[in-house]
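Tertiary structure, described
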Amino acid sequence: MLTFAQGHKALHQVLNTIELPKLSKKDEAIFLKRLEQHFPKLAQNLYELYGDHYDFFLHLQQLVFTLASNFSNRKLALKKRDNERLADPTWYRSEQMLGMAVYVDLFAGDLKKLKTKIPYLQQLGVNYLHLMPLYLCPEGDSDGGYAVSDYRKVDPRLGNEKDLIALANALREAGISLVLDFVFNHTSNEHQWATAAIAGDPQMQDFYYFFENQHEVEEYNQTCREIFPSVRRGSFTYIPKVKKWVWTTFNNFQWDLNYSNPAVFTAITDEMLFLANIGCEGLRLDALAFVWKEKWTSCENLPKAHTLIECFSTCLKIVAPSVVFKSEAIVHPDEVAKYIGKEQCQLSYNPLQMALLWESLATRETKLLSASLKKSFEISQDCTWVNYIRCHDDIGWTFDDDVAQNLGIDGQDHRRFLNQFYTGRFEGSFAQGVPFQENPSTGDCRVCGSLAALSGLESAVESNNKIEMGLALKRIRLLNSINLSIGGIPLIYQGDELGMFNDHSYLEDPYKKDDSRWVNRPQITDSDIAEAQSGSGVQAQVYQDLKQMVSIRQANPVFGQARTQILDTYRSNLFAYARIANNGDKLLAICNFSEHQRRIPASICDILAAEKVVDLLTEKQINQYGDIELKGYDVLWLKTE
Ligand code: OTU
C-alpha cells in the first residue's frame, strides 16, 4: 500500500524528473493545483493495481506527461465549461435534463445532417444527446460500432473528425450536452495494437490477453459467463497466425484489453482524454464490469475494476473536470450500485427499474418493482440515475432473486415467463419482441424490440384493434411518465418518441441477420417525424403524450433535485412514489399497471400535507375525501397548488 503522503511525494518526484509540455502561466498553475488535489489518491490507486511492476515510477512519469499534453490541447471553450461545471457540480440533477440516444446514420444520415436535427431535439426539450459509437470500426460486422479500430478517427460513413468537432460545438451552443462512448474494455481486431499483435509484436500482444495453452483458456471458461453464446462458446478466440488464444468476452473481433499492464492504462487514458477534448460532457463506460480479470473468479465486477475506473475518473478530474462518467453495468443491482459515486461514475443506467417496469406491465403487479426500488433506488445525492425504457440493446431480466424470493417469486421461472411473454409466446401477451442470444445449455435468453412493439401498439395496429390501440398507448404513456418523474435523467431511445415499430430489415443484411438487437434500431425518416408531430394517428399520440409530460417536468423543479420515496400502496396493481425537495416542495405519483379501474384511499395524499391537490397532467383538483379512482393504466402526478 502507498500512503497519501507517499503519493504526494511521488508527484513531486515525477514533476522534478520530467519536462511538462509548454503551458501558459495561468494554465500551469491550474494544472499543478489539480495535480496536488487529485494525484496522491491516483498514485495510491495505481499502486494498488501496478505497484508490483519494477517500472511503476516510469509509468507514473508517462501518465503525468499524458495528462499535461491533453490539458494543453484542451480548447478555451471547454476550459470555460470546466469552470462552469465545477461551480455547479450536480448540473445533471436538474429537472431540465432530458436525454436521447441516437445512431448518427439511422437518425440523421451523417454528422453534418445531424446538425440540422438540433431544432427537432430542442422542440422536444432534449439537452443531452448520446451518439452511439461513431469511431472507425471494421466494415462488416462491428457490433454496431462497439468494435473500435481507432478512437481518434470517425467512421468515414458518418463524416470526419472536423464534422464531429463542428457538431460538438453546435450542440454546446444549443445547450445540448454531448455524450460519447468510451469503449475501453476492448478494441476491434483491426486496431493498430491488434494488427501489430497479430504480426507478432510481443509488446502489443501484452496489450491483450493472449494464451498459448488451451488448458488455461478452459480454466477461465469454467468461471466466466458467456455473453454472446450464440456467437461462440466460451470467452476466447483462436488466432492461427500466432497460434494463440485471445480473450474476447463479446464477438470474436472484439479483443479485451489487458489492464493488468500499466502501459494499457496510460495508452487508454490518452484516448479517453482525446475524446474529452472533442467537447463531450459525458462518457458512457461500455462494458465496464469486465475490465479486470482474475483466475478462478467470474471476471466481472472485481474490486480492481472499481479501482481502475476511479483512476480514469481522477484523470478526467485533472484534465477535463466538466466530463462525467456514465456507468453501463447491466448486472445484479447490488453490483450496479458499487459503480455509482463521485469517485467513479456520477451517472448510471438504471437497468433494474427498466427491467421491472416491463415486468410489472406483463404481470400487472407492482410488488417486485416496489420492493426492488425500495431497496436499490436511493443513491448518493452527488449522482443520478439515467432512467430508460428501451435502449439499443436487448432487455435482460435483471433483479435480485432474494428480493423476488421473499415475495414468493422464483427468479429463474419468472425470467422464463418474461421471455415467453415478451416474445409473444405466452397466451394473451400483447408484446411482439424477438429473442436474443438463447443459450443452448441454460435456456437463458434476452428480449429485443421497440417500445411500441413490446407494449402492444404494433400488434394492435396490425390487427386494427382500436381498443387494444388505446390500451397500448396508455401503457407507453405510463412507462414514459415514470421515466420522466421518478428521479434521474430520462433517456429516450431514438424512435421510441415516435412510437416506431420493429424493423425486420436487418434479416436481409448478412452482417446483421444473426444479431436481433437490430430489430430495435430503425432508420428514422423525416416523414416519421412529420407524422408524429402533425399527424393524427397513434404515432402522433405517443409523441404528443410524451411532449406534454416533458414540458410539465421541465416547468417544475420538484422533478429535479428532490429525494424519491417509494410508497406502499397496499394495492397489487398500483405503484406510487413521492418526490420531496429540500425546500418542502412535493410531488406524488400514482400509477395503475392494470387495464382495469382501480381505487386507492385519498389518504395517500397526506404525504403532500396540503389542502388543495391538483393532478399536473389533467389540471384537475383531487377530492381528498374517500377514494381516488384510476382508470386502466392511468397515471396521476399530484402536487400542491
Ligand atoms: C455493451 O453491452 C453494449 O451496449 C453492446 O451494444 C455491446 O455489444 C457490448 O457492450 C460490447 O461492446 O452484453 O448485451 O453487463 O451487458 O456491457 C449487451 C454489461 C452487453 C453488458 C453490456 C453489454
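Residues numbered from 1 in each chain as written. Predicted model: local features only at pLDDT ≥ 70, side-chain atom pairs only at ≥ 80, totals over all residues. Heavy atoms only, no water.

**Remarks on the overall build of the protein chain**
What counts, and what does not: Elements are defined by DSSP. Helices are runs of H or I of four residues or more, strands are runs of E of two residues or more, and each kind is numbered from the N terminus. Radius of gyration means the value over C-alpha atoms here, while the globule rule gives 2.2 Å times the residue count to the 0.38 power. Relative accessible area decides the class of each residue, using a 1.4 Å probe on protein chains only: under 20% of the type maximum gives buried, over 50% gives exposed, and in between gives partly exposed. Residues are treated as being in contact if the distance between any of their heavy atoms lies within 4.5 Å. Throughout, the Shrake-Rupley method with a 1.4 Å probe supplies accessible areas, and for residues the shown protein chains are the sole cover considered. Charge assignment: positive for Lys and Arg, negative for Asp and Glu; neither His nor the chain ends contribute. Think of each charge as sitting on NZ of Lys, CZ of Arg, CG of Asp or CD of Glu.
Helices and strands together make up the secondary structure of the protein chain, namely 23 helices and 24 strands. For the protein chain, whose C-alpha radius of gyration is 25 Å, the value lies close to the compact-globule estimate of 26 Å for 641 residues. Seen through its C-alpha atoms, the protein chain measures out along the principal axes to roughly 75 × 55 × 50 Å. A burial count over the protein chain gives 62% of its 641 residues as buried. In the protein chain, 71% of the contacts between residues at least 6 apart in sequence involve partners at least 24 apart. For the protein chain, the computed accessible surface area is about 25,200 Å², with 49% contributed by carbon and sulfur atoms. Charge-centre separation for the protein chain: the mean point of 66 positive side chains lies 4 Å from the mean point of 81 negative side chains.

**Concerning the pattern of salt bridges**
For clarity, the threshold we go by: The salt bridge definition used is simple: a Lys or Arg side-chain nitrogen within 4 Å of an Asp or Glu carboxyl oxygen.
What the rule picks out here adds up to 39 salt bridges. Note that Arg517 is salt-bridged to Asp515, the shortest N-O span being 2.8 Å. Note on Arg517: relative accessible area 5%, which makes it buried.

**Examining the environment of Leu479**
Note on placement: Leu479 falls in helix H21 (residues 466-485). Along the chain, Leu479 and Lys326 lie 153 residues apart, while their C-alpha atoms are 22 Å from each other. When residues no more than four places from it in sequence are discounted, the contact partners of Leu479 are Leu357, Trp358, Leu361, Ile389 and Leu451.

**Remarks on the domain arrangement of the protein chain**
Put simply, an interface is often sized by how much accessible area is lost when its parts join up. Here is the rule: An automatic or database domain assignment provides the domain bounds reported here. Defined here as a combined quantity, buried area equals the accessible surface (1.4 Å probe) lost by two parts on assembly, summed across both. Polar contact criterion, stated in full: a pair of N or O atoms within 3.5 Å, where within protein one must be able to donate a hydrogen and the other to accept it, and residues adjacent in sequence count only if both atoms are side-chain atoms. Classification used: nonpolar for Ala, Val, Leu, Ile, Met, Phe, Trp, Tyr, Cys and Pro, charged for Asp, Glu, Lys and Arg, polar for all others including Gly.
What the domain assignment reports for the protein chain is domain 1 (186-256), domain 2 (354-375 + 382-555) and domain 3 (562-640). Distance between the C-alpha centres of domain 1 and domain 2: 34 Å. Between domain 1 and domain 2, the residue contacts involve 7 residues of the former and 7 residues of the latter. Here domain 1 meets domain 2 over a buried area of about 550 Å², counting both sides, of which 38% is carbon and sulfur. Sorting the residues of domain 1 by area buried against domain 2 places Phe228, Pro229 and Arg233 first, and these three jointly supply 63% of that buried surface. The tally of links from domain 1 across to domain 2 stands at 0 salt bridges. Counting the contacts that link domain 1 with domain 2 gives 2 residue pairs in polar contact (both at pLDDT 80 or more). Residues that form the side of domain 1 that touches domain 2 fall into these classes: 4 nonpolar, 1 polar and 2 charged.

**Details of the environment of Leu356**
Structurally, the position occupied by Leu356 is in helix H15 (residues 351-363). Judged by relative accessible area, which is 0%, Leu356 ranks as buried. On a C-alpha basis, the gap between Leu356 and Leu283 in space is 26 Å, while along the polypeptide they are 73 residues apart. When sequence neighbours within four positions are dropped, the list of residues in contact with Leu356 reads Leu368, Leu369, Ser372 and Phe399.

**Here we look at the nonpolar core**
Let me state the cut-off plainly: Residues belong to a common nonpolar core when they are buried Ala, Val, Leu, Ile, Met, Phe, Trp, Tyr or Cys residues joined through side-chain atoms within 4.5 Å.
Membership of the largest hydrophobic core comes to 204 residues, with the highest contact counts inside it found for Leu131, Tyr259, Trp358, Tyr422 and Trp637. For Tyr259, the contacting residues outside a window of four places in its chain are Tyr50, Phe184, Tyr209, Val264, Phe265, Ile268, Val291, Trp292, Leu308 and Phe312. If you look at the next biggest cluster of nonpolar residues, it comprises 18 residues, including Ala576, Leu588, Cys605 and Leu608.

**Quick notes on the layout of surface pockets**
We count it as follows: Within this scheme a cavity is a closed region of a 1 Å grid, computed over the protein atoms alone, that accommodates a 1.4 Å probe without allowing it to escape, whereas a pocket is open but has protein on both sides within 12 Å along at least five of seven lines; lining residues each have an atom within 4 Å of a point. Grid points are joined across faces, edges and corners, and a volume is the space filled by probe spheres set on the points.
Of the voids in this model, the largest pocket is the one considered here, and its volume is about 1,200 Å³. In terms of lining residues, the largest pocket is bounded by 48 residues, among which Arg225, Ile330, Asp394, Gly396 and Arg446 are the most central. Ranked by the residues each element gives to the lining of the largest pocket, the list is headed by helix H18 (residues 411-422), at 4 residues. Here the lining of the largest pocket is composed, by residue class, of 21 nonpolar, 12 polar and 15 charged. When we break the lining of the largest pocket down by domain, the ones giving at least three residues each are domain 1 (186-256) and domain 2 (354-375 + 382-555). What the second largest pocket holds in volume is close to 600 Å³. Within the residue set of the lining of the second largest pocket, elements represented by two or more residues are helix H2 (25-50), helix H4 (76-87), helix H13 (303-319) and strand S12 (324-327). Here the lining of the second largest pocket takes 7 residues from H2, the largest share from any one element.

**Concerning the site of the ligand**
In plain terms, the rule: Residue proximity to a molecule or strand is established when one non-hydrogen atom of the residue lies within 4 Å of it. Whether a molecule sits in a cavity or pocket is decided by its atoms, more than half of which must lie within 2 Å of the grid points.
Near the ligand lie 19 residues; those nearest to it are Asp143, Arg284, Asp286, Glu328 and Asp393. Between an oxygen atom of the ligand and a side-chain N or O atom of Arg284, the distance comes to 2.8 Å. In this structure, an oxygen atom belonging to the ligand sits 3.3 Å away from a main-chain N or O atom of Ile330. Bound to the protein, the ligand loses 96% of the 490 Å² it would expose on its own. The cavity where the ligand resides is the largest pocket. Partitioning the shell around the ligand into residue classes produces 8 nonpolar, 3 polar and 8 charged.

**Focus: the sheet that holds strand S11 (residues 282-285)**
Operational definition: A pair of strands counts as paired when DSSP detects no fewer than two bridges linking them. A fitted line through C-alpha atoms represents every axis, and for helices the fit uses only the stretch in contact; the resulting angles, taken between N-to-C directions, go from 0 to 180 degrees.
As summarised here, the arrangement of the 8 strands in space is S1-S2-S5-S11-S12-S13-S14-S17, forming a closed barrel in which the pairing is parallel. Taking each pair of neighbouring strands and ignoring which way they run, the sheet shows an average axis angle of 25°. Relative to S11, strand S5 (residues 177-182) is paired through 4 bridges, and the arrangement is parallel. Bridging across to S11, Phe182 finds its partner in Leu285.

**Section: the environment of Asp163**
Within the secondary structure layout, Asp163 lies in helix H8 (residues 161-173). Each C-alpha atom, one on Asp163 and one on Lys113, is 9.9 Å from the other, the two residues being 50 residues apart in sequence. For Asp163, the contacting residues outside a window of four places in its chain are Leu111 and Lys112.

**Description of the pairing of strand S8 (residues 236-239)**
Examined bridge by bridge, S8 and strand S9 (residues 244-247) share 4 bridges and lie antiparallel to one another. Looking across to S9, one finds that Thr237 is bridged to Val246. Taking the residues between adjacent antiparallel strands as the criterion, S8 and S9 are bridged by 4 residues, where Lys243 takes a positive phi near 55°.

**Things to note about the packing of H15 against helix H16 (residues 367-376)**
Geometrically, a packed helix pair is captured by the angle between its two axes and the distance between the axes. This is how the line gets drawn: Note that the term roughly parallel is reserved for angles under 35 degrees, roughly antiparallel for angles over 145, roughly perpendicular for angles of 65 to 115, and oblique for everything else. For a crossing to be left-handed, the near helix must be turned anticlockwise from the far one by less than a right angle; the clockwise case is right-handed.
Running from amino to carboxyl end, H15 crosses H16 at an angle of 165°, the nearest separation of the two axes being 9 Å. What the angle tells us is that H15 and H16 run roughly antiparallel. Once H15 is placed against H16, the crossing between them reads as left-handed. Within the contact between the two elements, H15 uses Leu352, Gln353, Leu356, Leu357, Glu359 and Ser360 and H16 uses Leu368, Leu369, Ser372, Leu373 and Ser376. Tallied by class, the residues present in the contact of H15 with H16 amount to 6 nonpolar, 4 polar and 1 charged.

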